[in-house]
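Take a look at the letters that make up each chain.
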Amino acid sequence: MRGELKILILEDVPEDVDLIKFQFDDFEQDLEFATCFTKSEYLQLLHNFKPDVILSDFNMPNFDGLEALQLYRQNERLEPFIFVTGSLGEENAVASIKSGATDFITKEKIDQLPVAIIKALREAETKRQNLAYEAQIKAINTFNAALVKNKKWQAALKDSMEVICRTLSIDRGFYFSVSGKHDRIADLQIDWGATGNGRQHRGPLSFQNLPLDAVPEILDPLMAGQHVTFVVRKMKNEAAKIMLRNEGILSILIMPLHNGEQLNGILGLADCFKERKWVAEEIQFLRTLGRDLNSAFEKRRAERALQASEERFRSLVQNGSELITILSASYHIEFASENYRPILNYAANDLEALPFKELVHPADWPQVEEALEALHKNNYTEVDAFRLKAKKGGTIWVHAKFSNMLLVPSVRGIVTNMIEVSTLKQKEQELKLSQTRYKYASMASEDLVFDWDLETDKVHRVRSTNSLLPKDLEENGDTIDAWRHIMHPHDRDKIFVDLKEKLARPDVKHIDQEYRIIDSRGNLQYVHDKGYVVRNKVGKALRLVGATSITTARRKAALKSQLMQIIHEALATDDSIIDGLQSMVEGIVRETKMQGGEVWLSDSDEEALQLVAEYNTHKKLSQKEKLNRFIKNVGLPGKVLADKKSVLLSDLSKSEVFGRKKAAKASDTHSATAIPIRFESKILGTILLFSQYKGEELAFHQELLDEISTQIGTEVKRKMSESMLEMFFEVSPDFMLIYNFQGKIRKVNRAVSEITGYSEKELLGKPILDFAPEDEREKLRARHKELIAADGESVGLGQIQTYIISREGEKRWIAWNTAVVNEEQMIYAVARDITERVKNMAEIKRQNERLREIAWIQSHEVRAPLARFMALLNLMEIERKEHSPKERELLNYMRLSGEELDRIIARINDKTENL
Amino acid sequence: MEKVLIFIDDDSIINMIHSRLASRATEHPVETFLSGEEAIEYFKTQSGKFYIIFLDINMPGMDGWEFIDAFRALEKDFDFTIHILSSSIDRSDKEKAASIEEIDQYLAKPLELPKLQELAK
C-alpha cells in the first residue's frame, strides 16, 4: 500500500473539495488529487490519471454520481468508488449499491473518510485477488480439460499454453521438453505468441536446443524444482542476455516441470513490452499448472509403460516360462502357447485337440484330474507339482493354476497356467531326503526327537523302528500324559515339578533332565532329555523341542563304578567286617533306590548262610530278630547258594522260594533279587535287594550287580582276610604299632598296651615321640626321616633299638622293625621287647671289661716282674763269665721257665684282646 | 757328636740292670731316671749331644706318653731317638707307640745286650 495514492474527487463545490482534502492532512500515505465535475473531464482523468480511489458527490450540475459510477464499473474497474454527499435518499442508495458503489460518507461525518478509504482499498484488493484466483481456477480447469481430452499431446500443450498466457497476460509462452537422460538439452516444443498484441513469429528461435548446462543460473534452480525469474536487462550471463534480447523479451519466468526425481520439461513465460513483477498469486497459479502438467506427463509415461508392459506380456505368453493352455470342458487342449516348443518340444498345433491327460505323467494324472474336477465347485484350483511329458521323452515338474472360464464368452475354456518348478521340486526332494536321512539317523541313534506343543499337550515324535517306546504309548497317541505314564514312578513327580518350574521361568531356554522309564519290553531304561524351549515375546513357553536319548548303558556303567566305589569304601575302613558289610548294604540300597537289602555270608563249607547285615527302609521287612540262618536250598539266600547264580523273584506274593510273604505284603514289597558274592569258585554269600516296584526294575540292578559280583567277592574276601590278620595283630606278643608320616599313632595291638602300660585310648592319635625318652628322641626323629626318605626301601634300614619308660617308670628296651607303606602314608612297626636281652648284654660287657682289665694287669703288672727277672737272668749270664756246668744248667732252666711264663702271659693277653 | 744313653723307668732294679748292660755295650755315658719329671728337669739343662732315650710306659705320676708330650714341649733342638721299653705286650700300647712320630720303636722288656749294642752305635 506504499507509494502515491491517487484520489479523483468529483465535486462541483470548491469548498467541499477543500473540506475533503482537509480530511487527509494527517494521512500516512502520499496523496495526489485530481478534481473535476464534468463527464468529459472525468473520462479523461480515468484514462490518464488512473485513480486508485474515486470520491464522488451525488448531485452535480451537469453530471451525476450514479452515471459516473456506472461508467467506471463498465471498464471492470475494481477500485473503490465512494460517495461523499450532503444527504442520500433511500432510492439513490439502493441504485448506487446496485451499480457497485463501495461506500457512502455524509458530509456531517466527513472525518470518517480516510478510514473508509483504507477499508475500501483493502476490500478492493481482496476482491481483485479473488477475481484473479477465479480466473486462474477457470484457466486450470480449461487447461486440464485440454490435456485430458486432447489425445494429441502437442496440440493439447499448445492449447494449455494459450490458456496460461491469456490468463496472465503473457506475451510469449514456451515449452521445452528435456531430452536424454542428462537433462542437458532442452528441445523447444511450443512457442506461443499472442497474436492479438500484434507480434509475429520471427521464425526459428535462437534458443532452439538450448544447452542448459551453459546457463547454471537457470539450470541449477530448475534441477532443484524451483522457478526463476529474470529481467533481461539485469542478466549477468551475456550469452543468455543477448539471446533473449534478440527475441525481443524484456522479462521472463522459467518454471520446471519436475516430478521430484526428474526434470520433465520447462515452461518459459516471457513479457515483451514490460518488465513484469511477478506476484505470489501468479506464481502459485503457475505452480498448480506445472503440477497438473507434470501429472499429465507422468500419466503419459505410465501409459507408455503399460503399453510396453502389454507388449512384454504378449511376448511372455508366447515365449516366457509360463505355459498357457486353454482346455475344453472335456480337458482337450484348445490352445497352447508358443513356448511349448522351447520347453517341451511340441509345436502348438501338435497339441491341438489332444487330451490334456496325454501330456501329464500317468502317475500324476489323478491329482491333476482331481483339481480339474474341483473346478465344478471352485472357479480356481491349483496343483502344486506334477510332471508334464516332453515330446522327446523326459519330464518337467510344473506348478499349475486352473481357472474355470467356460462361461466367459471370450474364452469358453479352462485357462491353465503352468510354471516349471523342476528346480524348486528338486529342492523339495532334497529337503525330503534330508528329512528322511534325519529320521534314519534318529532311528540309528535311538534318539527320539520330540516336539511338545505346550498349549495342546500334543507331542510329535520322530520314531525309530526299534523304538523303545512301549506299545501303549503308540496306541494311546502322543500326549505328555502317555509319556508320563511310562516314566518310573520314583522319578515322575520330581521331573514334572522341575520341568514346570523351568518352563515358567522366561530365562530358561534349555531343558536337560535324566530319569528312568519302563521301555516297550518292560525293561528299565535311563533316558536323557535335552530340549529347547520355544517362547513367545512375553516369555511364555509355547513348545519344547528336543531329543530323548537312551543313556541306560552309560548310566549302568556309571552306577556300576559308583557301586564299586561304595563297596570298596565300605570295606576298606578299619571297621570290622560286619560294620563294613553293613555300610556296604546301606550304600547299595541308597544308590540303587531300592526298598531294602541284606547281606548273608556262607559258612566256610558253604552249607548254610548267616544274615550279617541288613538295611531296610521299611522296618516290617526286617529279618534280624527272626530267622537269620538258612541252610543251602532254603529261602532266597539258600537258593543262591545252591544254584550258584543270582535269582530274581518278580512277584514275591507268588513265589515258592520266598517265605516272608506277610512281611513283604505289609511293607508293600513287590519283588526281590539275590546276587551271589563270588570269590574264585566259592560263594562267599549273597546280597538281597527288595523293590516296591515290578521286577523289571530289579532286573536292571540284578544284572548290574551280577556283573560286579566277582569284584564284590574280592572286596569281601579281602576284608575277611584282613579280619583274620586283625586277629593275629591282636594276639601277637610282639609290639605292633601303625603310625602315619606325621608320627601320629593310628593303631596299636594289645601288646603295646601291655608293655607300655598305656591304654589304646591313651596312645591313639598321639605323636609316637611323646612316648620316647628325651635322650632317644633325636635318634628316633632322624630314623623317621630316613624311613620316609627311603621311599619304600625301608627294609634295608634294618632294626633300631631304643628304650621307653613305661607308665610305671620301668625302662623297657625294644627293637624295631619297620615297613613303610607309601600309598597309605603309614609306617608299620613291629617291635620286640628286648629289655631282658639288653640287661644280659650289659652284664656280659661288664664281665668282658673285667676280663680285659685282668689281661691288662697281666700284660703290665705281671709281666713287669717277669721282665725284670728275665733281665736279671740275662745280666747274670753276661757278668759271671765262668759258670760251672751245674750252674749253667740251672740258669738255663730258669730261663726256660721264664720264657714259658712269658708265653702264657702273651697267650692270655691275645685272648682277652679279642673280646 | 757325643751320644748319651738315657733310661727312664720307675723300677730301680731295671735301671741298675740297664746301666750295667750299657756299660758293657758302649762307651757312651749313661743316665737313669726313676720318673719322667726327673728326666724332663735333666733335659732342660741339656744341649749339643745325641740322646738315645729308653722310655717305660707305665710309671706313677708322668707316664711314658705324658713324658713325650712334655719333652716335645721343651722344643729342644738336639738330636735324639726314643725307644719304648716296656714290660707290656698289649697290642693297644704297641699301636699307640706306632702312632707317635717321636718314637723310633717299641721294645718289650727284657732288653737284650746285642739289641742295646745295635741301638747305641
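Residues numbered from 1 in each chain as written. Chains lettered and ligands numbered in written order. Predicted model: local features only at pLDDT ≥ 70, side-chain atom pairs only at ≥ 80, totals over all residues. Heavy atoms only, no water.

**Digging into the overall build of chain B**
Along its length, chain B carries five helices and five strands. Sequence-ordered secondary structure for chain B, helices as α and strands as β, is β-α-β-α-β-α-β-α-β-α. Counting over 121 residues, chain B shows a buried share of 54%. Within chain B, contacts between residues separated by at least 24 positions form 67% of all contacts whose residues are at least 6 apart in sequence. Only carbon and sulfur atoms are counted for the fraction: they give 46% of the accessible area of chain B, which is about 5700 Å². (Helix = DSSP H or I, 4+ residues; strand = E, 2+ residues; numbered from the N terminus. Buried < 20%, exposed > 50% of the residue type's maximum accessible area, 1.4 Å probe, protein only. Contact = heavy atoms within 4.5 Å. Areas by Shrake-Rupley, 256 points an atom, 1.4 Å probe, with all protein chains shown as cover.)

**Considerations on the overall build of chain A**
Scanning chain A from N- to C-terminus turns up 27 helices and 32 strands. In chain A, which comprises 915 residues, the proportion classed as buried is 43%. For chain A, contacts bridging at least 24 residues in sequence account for 53% of all contacts bridging at least 6. By element, 52% of the accessible surface of chain A is carried by carbon and sulfur atoms, the whole surface being about 50600 Å².

**A few points about the environment of Glu715 of chain A**
Residues and elements named next belong to chain A. Mapped onto the secondary structure, Glu715 falls in helix α22 (residues 709-731). For the pair formed by Glu715 and Ala572, sequence separation is 143 residues and the distance between their alpha carbons is 8.2 Å. Among residues more than four places away in sequence, those in contact with Glu715 are Ile567, His568 and Leu571. At 2.8 Å, the side chain of Glu715 and the side chain of His568 are in polar contact. (Polar contact = N/O pair within 3.5 Å; in protein donor to acceptor, adjacent residues only side chain to side chain.)

**What to know about the pattern of salt bridges**
A pair can form between side chains of opposite charge whenever their charged atoms are brought close. Residues and elements named next belong to chain A. Tallied over the full model, the rule gives 38 salt bridges over all chains. A salt bridge links Arg484 to Asp493, with the shortest nitrogen-to-oxygen separation between them at 3.5 Å. For Asp493, a relative accessible area of 48% translates into the label partly exposed. Each of Lys556, Lys560, Glu703 and Glu707 takes part in a single network of salt bridges with overlapping partners. (Salt bridge = Lys/Arg side-chain N within 4 Å of Asp/Glu carboxyl O.)

**Some words on the sheet that holds strand β22 (residues 596-602) of chain A**
Residue and element names in this part refer to chain A. Read across the open sheet, the six strands follow the order β24-β23-β22-β27-β26-β25; overall the sheet is antiparallel. The open sheet is flanked by β24 (629-631) and β25 (647-649), the only strands paired with a single partner. Within the sheet, the average angular offset between the axes of one strand and its neighbour, ignoring direction, is 20°. Here β22 pairs with strand β27 (residues 682-691) via six bridges, running antiparallel. Bridged to Trp600 within β27 is Thr686. Its contacts with the sheet place helix α18 (residues 577-592) against β22, β23 (608-616) and β27, and it is angled at close to 55° to β23. (Pairing = 2+ DSSP bridges. Axes fitted to C-alpha atoms, helices over the stretch in contact; angles between N-to-C directions.)

**Notes on the interface of chain A and chain B**
Facing 21 residues of chain A, the contacting portion of chain B comprises 23 residues. For the pair chain A and chain B, the summed buried area comes to about 2000 Å², and 54% of that belongs to carbon and sulfur atoms. Taken together, the connections running from chain A to chain B amount to two salt bridges. Across the salt bridge formed by Arg868 of chain A and Asp11 of chain B, the nearest N and O atoms sit 2.5 Å from each other. Here chain A and chain B share five residue pairs in polar contact (both at pLDDT 80 or more) between them. Secondary structure elements with two or more residues in the side of chain A that touches chain B: α26 (835-879) and α27 (885-913) of chain A. The biggest single contributor to the side of chain A that touches chain B is α26 of chain A, with 15 residues. For the side of chain A that touches chain B, the per-class residue count stands at ten nonpolar, five polar and six charged. (Buried area = accessible area lost by both parts, 1.4 Å probe. Nonpolar A, V, L, I, M, F, W, Y, C, P; charged D, E, K, R; others polar.)

**With respect to a nonpolar patch on the surface**
On the surface, Trp856, Ile857 and Val862 of chain A cluster together into a nonpolar patch covering about 220 Å² of accessible area. When you line up the elements, Trp856 of chain A lands in helix α26. (Patch = residues over 30% accessible without salt bridge, like charges linked within 9 Å, V, L, I, M, F, W, Y side chains within 5 Å.)

**Observations concerning the confidence of the model for chain A**
Residues and elements named next belong to chain A. For chain A, per-residue confidence averages 79 on the pLDDT scale, and residues scoring 70 or more make up 83% of the total. Looking at the elements of chain A, mean pLDDT is at its lowest for helix α14 (residues 471-476), recorded as 52, and at its highest for helix α12 (residues 365-373), recorded as 91. Counting contacts from residues 196-204, a segment whose pLDDT is below 50, to residues more than four positions away or on other chains yields eleven contacts. (pLDDT = per-residue confidence, 0-100.)

**A short note on the sheet that holds strand β31 (residues 811-821) of chain A**
Residues and elements named next belong to chain A. One open sheet accounts for five strands, arranged β29-β28-β32-β31-β30; its pairing is antiparallel. Looking at the sheet topology across the chains shown, the edges are occupied by β29 (745-748) and β30 (800-805). Across the sheet, the mean angle from the axis of one strand to that of its neighbour is 30°, orientation sign disregarded. By the bridge criterion, eight bridges tie β31 to strand β32 (residues 826-833) in an arrangement that is antiparallel. By the bridge assignment for β32, Ile814 is matched with Asp833. Helix α25 (residues 774-789) contacts β28 (735-740), β30, β31 and β32 of the sheet and is inclined by roughly 135° relative to β30. Against the sheet, α26 contacts β30, β31 and β32, and its axis sits at roughly 120° relative to β31.

**Brief notes about the pairing of strand β1 (residues 5-10) of chain A**
Residues and elements named next belong to chain A. The element β1 is extensively covered by neighbouring structure, given that five of its six residues are classed as buried. The parallel pair β1 and strand β2 (residues 31-36), bridged by helix α1 (residues 14-23), forms a crossover whose chirality is right-handed. Summarising the sheet, β1 and strand β3 (residues 53-56) pair through four bridges and their orientation is parallel. Note on β3: the bridge partner recorded for Ile7 is Val53. (Right-handed = clockwise from strand over helix to strand, strands pointing away.)

**What about the layout of surface pockets?**
Residues and elements named next belong to chain A. Of the voids in this model, the largest pocket is the one considered here, and its volume is about 640 Å³. In terms of lining, the largest pocket is formed by 23 residues, of which the most central are Asp574, Glu726, Ile738, Lys747 and Tyr828. Mapped onto the lining of the largest pocket, the elements with two or more residues apiece are α22, β28, β29 and β32. A per-element tally of the lining of the largest pocket places α22 first, with seven residues. Class assignment for the residues of the lining of the largest pocket results in twelve nonpolar, three polar and eight charged. (1 Å grid on protein atoms, 1.4 Å probe; cavity = no way out; pocket = protein on both sides within 12 Å on 5 of 7 lines; lining within 4 Å. Points joined across faces, edges and corners; volume = space filled by probe spheres on them.)

**Brief notes about α18 of chain A**
Along its 16 residues, α18 of chain A runs 22 Å from first to last C-alpha, staying within 8% of the 22 Å computed at 1.5 Å per residue. Of the residues trailing α18 of chain A, Lys593 of chain A is marked for its positive phi of about 60°. (Expected span 1.5 Å × (residues − 1).)

**Comments concerning empty space enclosed by the protein**
Residues and elements named next belong to chain A. Considering all chains together, one arrives at three cavities of 30 Å³ or more under this definition. Within this model, the second largest cavity holds a volume of roughly 120 Å³. In this structure, the second largest cavity is lined by 15 residues; those nearest its centre are Ile480, Trp483, Gln513, Tyr515 and Asp529. Secondary-structure elements contributing two or more residues to the lining of the second largest cavity are β17 (448-453), β18 (459-462), α15 (480-486), α16 (489-504), β19 (510-518) and β21 (541-550). In terms of residue count, the dominant contributor to the lining of the second largest cavity is α16 (three residues). Here the lining of the second largest cavity is composed, by residue class, of eleven nonpolar, two polar and two charged.

**A closer look at unusual backbone geometry**
A cis amide bond links Lys109 of chain B to the next residue, Pro110 of chain B, at an omega of -5°. The topology assignment puts Pro110 of chain B in the loop between β5 (103-108) and α5 (113-119). Positive phi, close to 65°, is recorded for Tyr331 of chain A, a residue that is not glycine. Its place among the elements puts Tyr331 of chain A in the loop between β12 (322-327) and β13 (333-336). For Tyr331 of chain A, a relative accessible area of 11% gives the class buried.

**Things to note about a negative patch on the surface**
Taken together, the side chains of Asp574, Asp575, Asp579, Glu823 and Glu824 of chain A make up a negatively charged region of the molecular surface. With respect to the helices and strands, the residue Asp574 of chain A is situated in the loop between α17 (552-571) and α18. (Lys, Arg positive; Asp, Glu negative; His and termini not counted. Charge placed at Lys NZ, Arg CZ, Asp CG, Glu CD.)

**Some words on the side chain of Gln525 of chain A**
Residue and element names in this part refer to chain A. With respect to the secondary-structure elements, Gln525 resides in strand β20 (residues 524-535). Residue classification places Gln525 among the buried residues on the basis of a relative accessible area of 10%. Engagement of the side chain of Gln525 in a polar contact is seen with the side chain of Thr552, the distance being 2.3 Å.

**A word on helix α8 (residues 238-246) of chain A**
All names here are of chain A. Those residues of α8 that sit buried are Ala240, Lys241, Met243 and Leu244. Along the axis of α8, the buried residues cluster in a sector spanning 165°; they form a single face. In this structure, α8 carries Ala239 and Arg245 as exposed residues pointing more than 90 degrees from its buried face. Trailing α8 by a residue or two, Gly248 shows a phi angle of about 75°, which is positive. (Arc of directions from axis to C-beta.)

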